[in-house]
Amino acid sequence: MLLNCENVCKDYMRGKLVVPVLKNVNLKVENGEYIAIMGPSGSGKTTLMNLIGCLDVPTSGNLTLNGENLSGMKSRRMADVRNQVLGFVFQQADLLPGLNAIDNVALPLLYRGVKKKERRKKAMEMLEKVGLSDRMEFMPNQLSGGQCQRVAIARAMAGDPQLLLADEPTGALDSQSGKQVMELFRQLNQEGITILMITHSQEVADEADRIYYIRDGILTAEKEDRAK
Amino acid sequence: MFENIKLAFQGIWSHKMRSLLTMLGIIIGIASIISIVSTIKGTNEQIKQNLVGSGTNAVTIALYQGDWTFDLDWNAIPEGVPPMNDAVRTQITALETVEDASIYTERNYVSNVFYQNTPYNGALRGIDRHYLGVNGYSVSLGRSFTERDYQNYNKVAIVDDKVAQSLFYGENPIGKVIEINKDPFVVVGMAMQSSENTPVINSLSDYDLYVGSSSGCVFVPDVHWGSLYRYDEPQKLCLKATSTDDMTAAGQKAVSIINSRLSVGEKSDLSYQSNDISKQANDLQKLTNTTNMQLIWIASISLLVGGIGVMNIMLVSVTERTREIGLKKAIGAREGRILWQFLTEAAVLTSFGGILGVAAGVGLSKIISQLTGAPTAISIPASIIAVVFSTLIGVVFGLLPAVKAARLNPIDALRRE
Ligand SMILES: Nc1ncnc2c1ncn2[C@@H]1O[C@H](COP(=O)(O)OP(=O)(O)OP(=O)(O)O)[C@@H](O)[C@H]1O
Ligand SMILES: [Mg+2]
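Notes on the structure follow. (Residues numbered from 1 in each chain as written. Chains lettered and ligands numbered in written order. Predicted model: local features only at pLDDT ≥ 70, side-chain atom pairs only at ≥ 80, totals over all residues. Heavy atoms only, no water.)

Attention now goes to the overall build of chain B. Across its full length, chain B holds 14 helices and 13 strands. Buried residues in chain B amount to 48% of all 417 residues. As displayed, chain B offers around 20300 Å² of accessible surface, 59% of which is attributable to carbon and sulfur atoms. (Helix = DSSP H or I, 4+ residues; strand = E, 2+ residues; numbered from the N terminus. Buried < 20%, exposed > 50% of the residue type's maximum accessible area, 1.4 Å probe, protein only. Areas by Shrake-Rupley, 256 points an atom, 1.4 Å probe, with all protein chains shown as cover.)

If you want it as structure tokens, here you go:
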């Protein structure tokens, strides 16, 4: 098992008020799975992803990633886990504006201490994979939104992660670029990468092996469609 | 590390105006310190040059009674002060810091020397074979003393250019006969100190001691001294140090050699002491140093203000780049890396400011010396220290913003738009 969430709760403090955002979330993810998480805005999807992504710690409950318990982990080790086990794709592409496509993609490898020559080689390989071999030296402001997102995916993949976390990766894209990005995810999954994706779009979610729904901080496997 | 510096430069370059304004405090502080230091150094070098002269590096060692030079005119020949012989001279010239030395006897104001009927009131020195060389004299007319003059007790004399003027009214002194203690001496040469060996400052009372006497000097071979005055009068020693900086040390070593030969008894206040102009120059330099050190403290305040400015702008920069920091952390940058990134950025900013400040300070001191005529000398070590110090300011004042950046919660950082 790659990921195991057991009774994960997350509260936020708003002043003196305790606001529970995640309530007893249980989630198991096996290697190679493609999972989509859907839910209305403010339901706690990003919060859950942050917990899984070692960016935040749960209020209670247990999270194990690759057999390693995340609670009580030192911040230095958390950084290393983010660097080596995980890959992130955010809603906005979030490239560093001062670096060109290659250097952006090579960033996780830089933090890992890989030599410059190897970094570039790997980055170019990844850019080729996302279909941007003719845009390698471009700066982010010279790329379209879809191209930026593909660079971001290349960056997330550059470190050969076991789990790819994507928070609404197509949210800011038009349908054409969105399709390209989805195609890319499907291809990566077929190559064996485990994917956990947050999306608002049913069409996007249908690509996944399993769909989870989150409502008011409660995660379920069934679609609870009251409107029906 | 190198990558960080490159990135820091890119950051500085992309905010040219802001970076320049941030560096301004550092630039002004460093520039004023550099120009003050240059002025101090220039003044010191001038003092040294004026007082000591650039050539001779001569140190005079004379017998002292307490704080005063032993007066030959009024005192009996002291007990326990053996005459200095060639062995002493050899021992002193063997010192590493001593180039040459000379033993001589001297009366500063004589009344028993006449040319025809004109009395001469300057100095008279009985000199050995080395004196003229050690003191930077060159014989410009006639000849110097020869070995034969010493061996045959030839009654010959050399006058300096001042005596040639005052006693002979500018006539050629060679061949003229002067009477010393009613003994006729033939002038065989005229000697003068080359101008570079003559101190420029005239106002110091010690100046006279250094050149001997302002009204000139007559030299005779030291073999006559006993019959002209008294036998075994305490002599003086004059040594030429290898460099100006060695003068004090050479003088002290020579003094201890000479004093070790004395047997004047414990209660006596007789001892040889060195009269070292560089020591006096040092005292003068210390005076200018302390006044200027205060100026440096004032200039440092501007550095402090500059440092606070750097801290301020770095804090702004951290806030502005919250999202970048969050992203880097999400990708797996450790806290240490973020810390280093901001520290190097602050340090590069301030050291760049320091370099500009040194350049501005050098320019400023050139302008000051042009306008006021104050001497300046650029100090390389001071410039290096200034740049290192401004780098340090960057590290110190960049620490708080850098820690703030490193400690940023990646969630908050990513949520911020
Ligand atoms: N730092 C915080 N402090 C207080 N409340 C927070 C904080 N972060 C998130 N929340 C609250 O937690 C809830 C869940 O937020 P989250 O970002 O997980 O929603 P989401 O499901 O990702 O929504 P969206 O689809 O709009 O991205 C929201 O009500 C939000 O206001
Ligand atoms: Mg969200």
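Back to the write-up after that little detour.
We now examine the interface of chain A and chain B. Taken residue by residue, the interface counts 24 residues in chain A and 21 residues in chain B. Surface buried jointly by chain A and chain B totals about 1900 Å² across both partners, of which 55% is contributed by carbon and sulfur atoms. The interface formed by chain A and chain B includes two salt bridges. The shortest N-O distance in the salt bridge between A:Asp94 and B:Arg323 comes to 2.7 Å. (Contact = heavy atoms within 4.5 Å. Buried area = accessible area lost by both parts, 1.4 Å probe. Salt bridge = Lys/Arg side-chain N within 4 Å of Asp/Glu carboxyl O.)

The next subject is the pattern of salt bridges. For the coordinates displayed, the defined rule picks out 24 salt bridges over all chains. Put simply, A:Glu137 and A:Arg120 hold a salt bridge, and the shortest N to O gap is 3.5 Å. In this pair, A:Glu137 is assigned in the loop between helix H4 (116-129) and helix H5 (145-158) and A:Arg120 in helix H4, connecting sequence segments 17 residues apart. Classification of A:Glu137 as partly exposed rests on a relative accessible area of 49%. Between B:Asp149 and B:Arg143 there is a salt bridge, and its shortest N-O distance comes to 2.7 Å. Within the structure, one salt-bridge network assembled from shared partners comprises B:Arg321, B:Glu324, B:Lys328 and B:Glu345.

Attention shifts here to the side chain of B:Arg89. All names here are of chain B. Assignment of secondary structure puts Arg 89 in helix H3 (residues 86-93). Side-chain polar atoms of Arg 89 contact the backbone oxygen of Ala 101, separated by 2.7 Å. Reaching out from Arg 89, the side chain makes a polar contact with the side chain of His 130 at a distance of 3.2 Å. Apart from the residues lying within four places of it in its own chain, the contact partners of Arg 89 are Asp 100, Ala 101, Ser 102, Ile 103, Asp 128 and His 130. (Polar contact = N/O pair within 3.5 Å; in protein donor to acceptor, adjacent residues only side chain to side chain.)

For the rest of this paragraph, the subject is the environment of B:Asp222. All names here are of chain B. Summarising the element assignment, Asp 222 is placed in the loop between strand S11 (217-221) and helix H8 (225-228). Distance from Asp 222 to Tyr 153, taken between C-alpha atoms, is 9.4 Å for residues 69 residues apart in sequence. Discounting residues that sit within four places of it in the chain, Asp 222 has contacts with Ile 103, Gly 126, Ile 127, Asp 128 and Tyr 150.

Residue and element names in this part refer to chain A. What surrounds ligand 1 is a group of 14 residues, the closest being Ser 41, Gly 42, Lys 45, Thr 46 and Thr 47. Within the side chain of Arg 14, a nitrogen or oxygen atom sits 3.4 Å from a nitrogen atom of ligand 1. Computed on the free molecule, ligand 1 has an accessible area of 640 Å², of which 72% lies beneath the protein chains in the complex. Residue assignment for the shell around ligand 1 shows that the elements contributing at least two residues are strand S1 (3-14) and helix H1 (45-52). The leading source of residues in the shell around ligand 1 is H1, at three residues. For the shell around ligand 1, the class distribution of residues is three nonpolar, seven polar and four charged. (Near = heavy atom within 4 Å. Nonpolar A, V, L, I, M, F, W, Y, C, P; charged D, E, K, R; others polar.)

Moving on, we come to the sheet that holds strand S8 (residues 194-198) of chain A. All names here are of chain A. In spatial order, the strands read S6-S7-S8-S3-S9-S10; together these six strands make up an open sheet with mixed pairing. A strand with exactly one partner marks an edge of an open sheet, and here the two such strands are strand S6 (86-89) and strand S10 (218-220). Each strand of the sheet is rotated relative to its neighbour by a mean of 20 degrees, with strand direction disregarded. Alignment of strand S3 (residues 34-38) against strand S9 (residues 210-215), held across four bridges, turns out to be parallel. What sits directly across from Ile 35, in S9, is Arg 210. The strands that H1 touches are S3, S6, strand S7 (163-167), S8, S9 and S10; relative to S7, the one it contacts most, it runs at about 155 degrees. (Pairing = 2+ DSSP bridges. Axes fitted to C-alpha atoms, helices over the stretch in contact; angles between N-to-C directions.)

Let us now look at the sheet that holds strand S2 (residues 17-29) of chain A. All names here are of chain A. Taking strand neighbours across the sheet as the criterion, the four strands line up as S2-S1-S4-S5 in an open arrangement whose pairing is antiparallel. With one partner strand each, in any of the chains shown, S2 and strand S5 (68-69) form the two edges of the open sheet. Where S1 meets strand S4 (residues 60-65), five bridges bridge the pair, whose relative direction is antiparallel. Bridge pairing in S4 places Cys 9 opposite Ser 60.

In this section: the packing of aromatic side chains. Residue and element names in this part refer to chain B. Per the stated rule, a full pass over the model turns up nine aromatic pairs over all chains. Ring centres 5.3 Å apart and planes at 75 degrees place the aromatic pair Tyr 137 and Phe 219 in the edge-to-face group. Taken together, the positions of Tyr 137 in strand S7 (residues 137-142) and Phe 219 in strand S11 put the pair 82 residues apart, joining distant regions of the chain. Judged by its relative accessible area of 12%, Tyr 137 is buried. Taking relative accessible area as the criterion, Phe 219 reaches 0% and is therefore assigned buried. Through a chain of ring-to-ring contacts, three or more aromatic side chains come together here, namely Tyr 104, Tyr 131, Tyr 137 and Phe 219. Arg 129 extends its terminal NZ or CZ atom over the ring of Tyr 150, reaching a point 4.3 Å from the ring centre. (Phe/Tyr/Trp six-rings, centres within 6.5 Å; stacked < 30°, edge-to-face > 60°. Lys NZ or Arg CZ within 6 Å of the ring centre and 35° of its normal.)

Residues and elements named next belong to chain A. Packing of helix H3 (residues 101-112) against H4 brings their axes to within 8 Å, and their N-to-C directions diverge by 120 degrees. Taken together, the axis directions place H3 and H4 in an arrangement best described as oblique. Considering only the axes of H3 and H4, their crossing is right-handed. Touching Ala 101, Ile 102, Asp 103, Val 105, Ala 106, Leu 109 and Leu 110 of H3 are Arg 119, Arg 120, Lys 122, Ala 123, Met 124, Met 126 and Leu 127, all from H4. Of the residues assigned to the contact of H3 with H4, the class counts are 10 nonpolar, no polar and four charged. (Parallel < 35°, antiparallel > 145°, perpendicular 65-115°, else oblique. Left-handed = near helix turned anticlockwise from the far one by under 90°.)

Purely geometric numbers; function is a separate question.
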